[in-house]
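# Working through the structure, step by step
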Amino acid sequence: MPQEIKPTDVQECFPETCQQRYANHLIGKSGLTPTQARHFVRLWGYGYLKQHGSENAPITTLNRRISSFFCSHSEAATLFYPEGQGAPRSAGLMINKFVAKQLVRRELFSGNKTRISLNIPESFELPSSNQPGTINADAFNPRSDVPHIARLLEGVFSFDNKRPMSMLNNARRGLRQWAQRYPQGLRVLRFSPKNTPIAFAAIFPIHQDSEIAFDLPPSQSLHLNRIHLNSEDTIQFAPLGDSNCHIAYVRSWAIHPDFWNYDNALLLAKDTQATLRQIHEDYPELSEVYSLAIHPRLEAFATTLGFEIMKPDQDTSLCWLYTSLDDFLALNVDDVLLDFDFNSDT
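## Re the overall build of the protein
Assigned secondary structure in the protein consists of 11 helices and 10 strands. Expressed as a percentage of the 346 residues in the protein, the buried residues total 49%. Expressed as a percentage of contacts within the protein between residues at least 6 apart in sequence, the contacts between residues at least 24 apart total 71%. For the protein, the exposed area adds up to about 17,100 Å²; of that, 47% sits on carbon and sulfur atoms.

## Some remarks on the packing of helix 2 (residues 16-26) against helix 3 (residues 34-52)
Axis separation between helix 2 and helix 3 bottoms out at 8 Å; the angle between their running directions is 125°. Comparing their axes, helix 3 and helix 2 come out oblique. The hand of the helix 2/helix 3 crossing is right-handed. Residues Glu-16, Gln-19, Tyr-22, Ala-23 and Leu-26 of helix 2 lie in contact with helix 3, whose contacting residues are Ala-37, Arg-38, Phe-40, Val-41, Arg-42 and Trp-44. Classifying every residue of the contact of helix 2 with helix 3 gives 7 nonpolar, 1 polar and 3 charged.

## Here we look at the pairing of strand 5 (residues 186-191)
Counted residue by residue, strand 5 has 6 buried out of 6 residues, so it is predominantly covered. Burial of the side chains of strand 5 extends over both faces: Leu-186, Val-188 and Arg-190 are buried on one face and Arg-187, Leu-189 and Phe-191 on the other. Pairing geometry for strand 4 (residues 135-139) and strand 5, over 5 bridges, is antiparallel. Across the sheet, residue Ala-139 finds its bridge partner in strand 5, namely Arg-187. Strand direction decides the pairing type here: strand 5 and strand 6 (residues 196-206), joined by 6 bridges, are antiparallel.

Conventions we followed
Residues numbered from 1 in each chain as written. Predicted model: local features only at pLDDT ≥ 70, side-chain atom pairs only at ≥ 80, totals over all residues. Heavy atoms only, no water. Helix = DSSP H or I, 4+ residues; strand = E, 2+ residues; numbered from the N terminus. Buried < 20%, exposed > 50% of the residue type's maximum accessible area, 1.4 Å probe, protein only. Contact = heavy atoms within 4.5 Å. Areas by Shrake-Rupley, 256 points an atom, 1.4 Å probe, with all protein chains shown as cover. Axes fitted to C-alpha atoms, helices over the stretch in contact; angles between N-to-C directions. Parallel < 35°, antiparallel > 145°, perpendicular 65-115°, else oblique. Left-handed = near helix turned anticlockwise from the far one by under 90°. Nonpolar A, V, L, I, M, F, W, Y, C, P; charged D, E, K, R; others polar. Pairing = 2+ DSSP bridges.

Written out as structure tokens, the structure is:
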């Protein structure tokens, strides 16, 4: 007789690092927030164990074709909150959100048992780690890259609790505006042979009249996810050759979670250094580099690269990040990134 699967078996049979890899992949897909992605992955793992048993543990790969299974709100609470910090009612509300996103279907049976089935899109499956291809740095192409990069940034902005419903459309609009204003500062990493962009960086020379923005709370600046038709960008770009331009603003920096590793981060960091060197040639007084990391993983990455956390925003978790241009350009990123944990949950 097969062993009965319990919710606690998920934490034992489904390694936390593998759970996090799936959760990172799901963030932004179907509008999932980081917390929702993490909970859905555990529900998926529970269904997988119910169907296949624990004989092949530890789980390394999930199959999206899962048979329906029973899962009460109490079981879901154990799944979602293994530390015991959540109640069945909270778990039930989370299930309701998955139902609303058409990721879960459910049908009540006798007693308190609820049978559910998972509707898992093909895009939820992790790509093969040994898929053939190469990754190279390239210029951003607004004619073909906008949809891919907007989707990539959707996952980054999932950590912004105040992001608008129009976030994707705002990002697309903002990317096109940036490409018109300063195309030299927009860079991507492409995965061949299809040349799909899997990473993005946006670096701009800042007009001296906009330097005050970096002394004010970050929430008072216009972020990419809030650019819309009538919005006025609070950050002005410096005209070419402006001798009063002292600041370069790394306004966006992101890598797709499936490609988040040492080699790709190293390539994008080196390309960012090369881009800043080119910008410095046009703006000889450039000396400071600022950035803003909305995703906690990217904030940790920036501090590893030498950025300092400046005065935090009292209304949000955002903060400006600063480093000197000379220090960043002199950084040996090969050695610095060797100690960075690319498997961290942050």
